[in-house]
Amino acid sequence: MASHFTLVLYAPDGSVQTWTQELGTITVGTDPQCEVVLAYEGISARHTRLVLGAKTVTVEDLGSETGTQLDGEPITQPSEAGYPACIQIGEGVLAVDPVLTLEKPDQPHPSTDSKSGPNSWLPEVSGTFTLDRELGQGGMGRIYEGEDPQLKRRVAVKVSRQAHSARDAHFFREAEVLAHLSHPNIVPVYSLGRDALGHPAYSMKLVKGRTLQSILNGLRSGDAELAHTFSQGQLLGVFLNVCHAMAFAHSKNFLHRDLKPENVMVGEFGEVLVMDWGLAALVGEAAVDSHPAPHPEPFPGGHTLDTTLEGEVIGTPQYMSPEQAHGRRSALDQRSDIYSLGALLYSILTLHPPIEGKSLDQILRHVKDGQLIPFSRWESAPERNQLEAPGTRLPAKPVPEALKAVTLKAMALAKEGRYQNVAEMETDINAYLQGFATGAENASFLRQALLLMRRHRAESALLGVLLLAVGGFTLKVAASEKAARASARVAQQQGQLARQNARIAEENASVARANEKIAVEEKEEARRSVAKAQIALADSAARDLDGESMQRALEAVPQDLRDHSWKYLERKLDTSDLSVLPKGKAAFAAIVAHPKKAGVFITAQEDGWLRTANASTGKIEDLFKVDPAPGKEWILAVSSDGQTLGITLRTTTSTGFVCERPPQIYRLIDGAKLLEMPSQLAVQSMNFSPD
């Protein structure tokens, strides 16, 4: 059992404060007499009271204006929680963690025994996971492959190098960020805990595959199998998935700050995941770097080329933005990550990083000055020539000018010269893949015309044939007129000329009709392209759960172009047929809408279970259980804040209603009974007053 506790405050301005407290009661507020004194806005003189017990903490809000939340839920009366506990006080977060004293294991720690192998010391996540082997390690922790014995699934477990949460803010920040970023291209975190030595640990999805850096290294070294698997188009597809992940993270105001090929995992089934969010931060937030993690083996100057630096300079030197290299954290925003995306694209196109140098200081100086390695250096590199094998498709040689322009715009020295958001960069990459000019290259009219002809090769060929036919016919007519004038009388010449002119007019009309046909076909193609774009917008809105935008996009598609994709999305939009079945064998007895959660209803079943039903997904979740009452008429009511639930039962007879159970009031979150009214009168209906 714990007798001492570490309290870590994450203030709204990004600062971190730490206190150590013993068992007992402490008060949090601005009053100097409080055991924990807070100085940021929105805190009352005596805001919150904590009772630190050996196994649990009891939290009570003392009538503050901004309130107190325990593990994400507002509290209105003393509430209890286990350790570690997360308490939101105003706009700040207070983490309460017991200080544990653990015996040292018999096996030596790998950092102190150089003779032991990589798997000689395997920490166990107590009571949760079994660890099998070490997958890798970095500056902030080790990653192991293990198994979740409850669900029988393989997981990856990351174990911090630090012993207490107060000394490893980056580790907990990474877990917290991943918990907020649920996206197909961002590695999901499953649970948070500790190993047998008290080191913080969390489990996440186990991805079997290889990093993008490993793929680029293989291509650069001449791996023919990789060259066949990863064409330029496929690598650009990987890059677009990374862009999707970053666009989502930016929409949540999170910055990655350490994008590089080593942090992009490509699974064996083509899945793409952005990894290592240990340096992530909210836009405008100062990073927590008071306890930097150790670095790998040194590069001349103290670091390896691909080492993630911490402290004043945050990120990996060859992929960080100029503002990161200058250490100006307050200047970092989404465009800083966009610079790193440009550096990632440079590596995909050239198989090399965009910056080089003989020392860390020289690399940082080149980043600050915008001294990129010219593309021309790699376009004739020997490794490119030896990878040019029959049947293989590699990044183009030379690098397409359009992609050069996209890369250079993303890596502009000044933030104002870069793409202002990830969506703009994605638009240019998609434009290139679909044969259109990118916005970054400022394409001339001739360039756009050539791209148009490439997109419509058949129509362009037909137009060329028609022009050649018209030219040949015109020359033939001229020759015939000259012969006629030399061999016939003036009258015959005039008559023949008139007939020839008529024929020319007919041919011109034919050409005009052909041109008109081409114009109609181009118009139809444009109409189809617009329809496809609207369907794509509807699909994107469906993924974002934006029904209104989805409906607008579907309505914009003409009736005759509404194919199976359109009909699928329309059915996806229509949720009127969704039904929710009761859980178990007991039937629904009553149902009432949740006042705070759209599409969610609170149900009562005859077996006494109170549950929530989601009308959008059909999912049913247990709340709590009361005494069963089959065959009785249930009456439910929910308070306007969604915190309390009223229940009463009655029976309808020929003479009126008979009260089967007096009205009872329960706390919705845990089923605690708050009030039972003594009245035995049959209740017609039940409602909570607005206040």
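Only a predicted model underlies this, so the values are computations on that prediction, with no experimental measurement involved.

### A look at the overall build of the chain
Right, so step 1: Along the chain, the regular secondary structure elements total 16 helices and 29 strands.
Right, so step 2: Taken over 691 residues, the chain has a buried fraction of 42%.
Right, so step 3: Of the contacts formed within the chain by residues at least 6 apart in sequence, a portion of 51% connects residues at least 24 apart.
Right, so step 4: With the model as given, the accessible surface of the chain reaches about 36200 Å², and the carbon-plus-sulfur share is 52%.

### Considering the nonpolar core
Right, so step 1: If you look at the biggest cluster of nonpolar residues, it comprises 72 residues, and the most contacted ones within it are Phe 239, Val 242, Met 246, Trp 277, Leu 341, Leu 345 and Met 425.
Right, so step 2: When residues no more than four places from it in sequence are discounted, the contact partners of Leu 341 are Phe 239, Val 242, Cys 243, Met 246, Leu 259, Val 422 and Met 425.
Right, so step 3: Judged by nonpolar contacts, the second largest core, of 24 residues, contains Ile 26, Leu 38, Ala 81 and Ile 89.

### Quick word on the pairing of strand S19 (residues 264-267)
Each regular strand carries side chains that alternate between the two faces of the sheet.
Right, so step 1: Alternating residues of S19 divide into Val 264 and Val 266 and Met 265 and Gly 267, and every residue in both groups is buried.
Right, so step 2: In this structure, S19 lies alongside strand S20 (residues 272-274), joined through 3 bridges in antiparallel fashion. Its bridge partner lying in S20, Val 266 is registered against Val 272.
Right, so step 3: Between S19 and S20, which pair antiparallel and follow one another directly, the connecting turn spans 4 residues, one of which, Gly 270, has a positive phi of 90°.

### What about helix H4 (residues 232-251)?
Right, so step 1: In this model, H4 (20 residues) spans 28 Å end to end at C-alpha, consistent with the 28 Å of a helix rising 1.5 Å per residue.
Right, so step 2: When H4 is considered as a whole, its buried residues turn out to be Gln 232, Leu 235, Leu 236, Val 238, Phe 239, Leu 240, Val 242, Cys 243, Ala 245, Met 246, Ala 249 and His 250.
Right, so step 3: One or two residues past the end of H4 sits Asn 253, with phi positive at roughly 70°.

### As for the side chain of Glu 323
Right, so step 1: For Glu 323, the position within the fold is in helix H5 (residues 322-325).
Right, so step 2: Residue Glu 323 is classed as buried on the basis of its relative accessible area, which comes to 3%.
Right, so step 3: A polar contact is formed between the side chain of Glu 323 and the side chain of Arg 418, at a distance of 2.9 Å.
Right, so step 4: In this structure Glu 323 touches Arg 328, Ala 331, Leu 332, Ser 336, Lys 415 and Arg 418, once residues within four positions along its chain are discounted.

### Regarding unusual backbone geometry
Right, so step 1: Positive phi values are uncommon outside glycine, yet Asn 253 reaches one of about 70°.
Right, so step 2: Take Asn 253: it is sitting in the loop between H4 and strand S18 (254-255).
Right, so step 3: Classification of Asn 253 by relative accessible area gives partly exposed; the value is 42%.
Right, so step 4: With a phi angle near 70°, Arg 257 is a residue other than glycine that sits in the positive phi range.
Right, so step 5: Along the chain, Arg 257 falls in the loop between S18 and S19.

### Structural notes on the sheet that holds strand S26 (residues 633-638)
Two pairing modes exist for strands in a sheet, parallel and antiparallel, and in both the strands are linked by backbone hydrogen bonds.
Right, so step 1: The strand order S26-S27-S28-S29 describes an open sheet built from 4 strands, whose pairing is antiparallel. The open sheet has two free edges, formed respectively by S26 and strand S29 (673-676), since each of these has just one partner strand. Mean inter-strand twist for the sheet, computed between neighbouring axes without regard to direction, equals 25°.
Right, so step 2: With 9 bridges joining them, strand S27 (residues 644-653) and strand S28 (residues 656-667) adopt antiparallel strand pairing.

### Observations concerning the packing of H4 against helix H6 (residues 334-350)
Right, so step 1: Contact pair H4 / H6: the axes reach a minimum separation of 11 Å and the direction vectors enclose 170°. By the angle class used here, H4 and H6 are roughly antiparallel. For the pair H4 and H6, contact is made by Gln 232, Leu 235, Leu 236, Phe 239, Val 242, Cys 243, Met 246 and His 250 and by Gln 334, Asp 337, Leu 341, Leu 344, Leu 345, Ile 348 and Leu 349, respectively.

### Regarding the packing of aromatic side chains
Right, so step 1: By the definition in use, this model includes 2 aromatic pairs.
Right, so step 2: Aromatic side chains Tyr 346 and Phe 375 sit 4.9 Å apart centroid to centroid with 40° between the ring planes, which places their arrangement in the tilted category. In this pair, Tyr 346 sits in helix H6 while Phe 375 sits in the loop between helix H7 (360-369) and helix H8 (376-379), placing the two residues 29 residues apart along the sequence.
Right, so step 3: Cation over ring: Arg 153 sits above Tyr 190, and NZ or CZ is 3.9 Å from the ring centre.

### Comments concerning the pattern of salt bridges
Right, so step 1: The final tally for this structure, using the stated rule, is 17 salt bridges.
Right, so step 2: Arg 154 serves as the salt-bridge partner of Glu 145, at 3.4 Å between the closest nitrogen and oxygen.
Right, so step 3: Its relative accessible area of 32% is what places Arg 154 among the partly exposed residues.
Right, so step 4: Taking the shortest distance from any N to any O, the salt bridge between Arg 527 and Asp 560 comes out at 2.6 Å. Of this pair, Arg 527 sits in helix H14 (residues 490-543) while Asp 560 is found in the loop between helix H15 (547-555) and helix H16 (564-573), placing the two residues 33 residues apart along the sequence.
Right, so step 5: On the accessibility criterion, Arg 527 (29% relative accessible area) is partly exposed.
Right, so step 6: Salt bridges here are not isolated pairs; linked through shared partners, they connect Glu 524, Arg 527, Arg 528 and Asp 560.

### Notes on the sheet that holds S20
Right, so step 1: Within the open sheet, the 3 strands sit side by side as S17-S19-S20. Their pairing is antiparallel. Of all the strands in the sheet, just strand S17 (209-211) and S20 have a single pairing partner and so form its edges. When the angles between neighbouring strand axes are averaged without regard to direction, this sheet yields 25°.
Right, so step 2: Bridge analysis of S17 against S19 gives 3 bridges, and the strand direction is antiparallel. For Arg 210, the partnering residue across the bridge sits in S19 and is Val 266.
Right, so step 3: Across the sheet, helix H2 (residues 212-221) lies against S17 and S19, angled at about 80° from S17, the strand it touches most.
Right, so step 4: Its contacts with the sheet place H4 against S19 and S20, and it is angled at close to 45° to S20.

Conventions adopted
- All chains use their own residue numbering, which begins from 1 and follows the written sequence.
- A pLDDT threshold of at least 70 governs which residues receive local features in this predicted model, and a stricter bar of 80 or more applies before side-chain atom pairs are shown or counted, although totals over entire chains, interfaces and linings include all residues.
- For the side-chain quantities, the full set of heavy atoms in the structure was used; hydrogens and water were omitted.
- In DSSP terms, a helix is any run of H or I states spanning at least four residues, a strand is any run of E spanning at least two, and both are numbered starting from the N terminus.
- Buried residues are those whose accessible area, probed at 1.4 Å on protein chains only, stays under 20% of the maximum for their type, while exposed residues exceed 50% and partly exposed ones sit between those limits.
- Contact definition: two residues touch when any of their heavy atoms are within 4.5 Å.
- In this description, accessible areas are obtained by the Shrake-Rupley approach with a 1.4 Å probe, and a residue is regarded as covered only by the protein chains that are shown.
- To define a nonpolar core, start from buried Ala, Val, Leu, Ile, Met, Phe, Trp, Tyr and Cys residues and group those joined through side-chain atoms within 4.5 Å.
- Pairing between two strands is assigned when DSSP locates at least 2 bridges connecting them.
- One less than the number of residues in a helix, times 1.5 Å, gives the span that helix is expected to have.
- N or O atoms closer than or at 3.5 Å make up a polar contact, with two conditions inside protein: a donor-capable atom paired with an acceptor-capable one, and, for residues adjacent in sequence, both atoms drawn from side chains.
- Orientation is described by axes fitted as lines to C-alpha atoms, over the contacting stretch for helices, and by angles from 0 to 180 degrees between their N-to-C directions.
- Angle categories are assigned with fixed cut-offs, so that under 35 degrees is roughly parallel, over 145 is roughly antiparallel, 65 to 115 is roughly perpendicular, and the rest are oblique.
- A pair of Phe, Tyr and Trp rings is counted when the ring centres sit within 6.5 Å of each other, with Trp represented by its six-membered ring. The angle between the planes then sorts it: under 30 degrees is stacked, over 60 is edge-to-face, the rest tilted.
- Sitting over a ring, as applied to charges here, requires NZ of Lys or CZ of Arg to be within 6 Å of the ring centre and within 35 degrees of the ring normal.
- For this analysis, a salt bridge means a side-chain nitrogen from Lys or Arg found within 4 Å of a carboxyl oxygen belonging to Asp or Glu.

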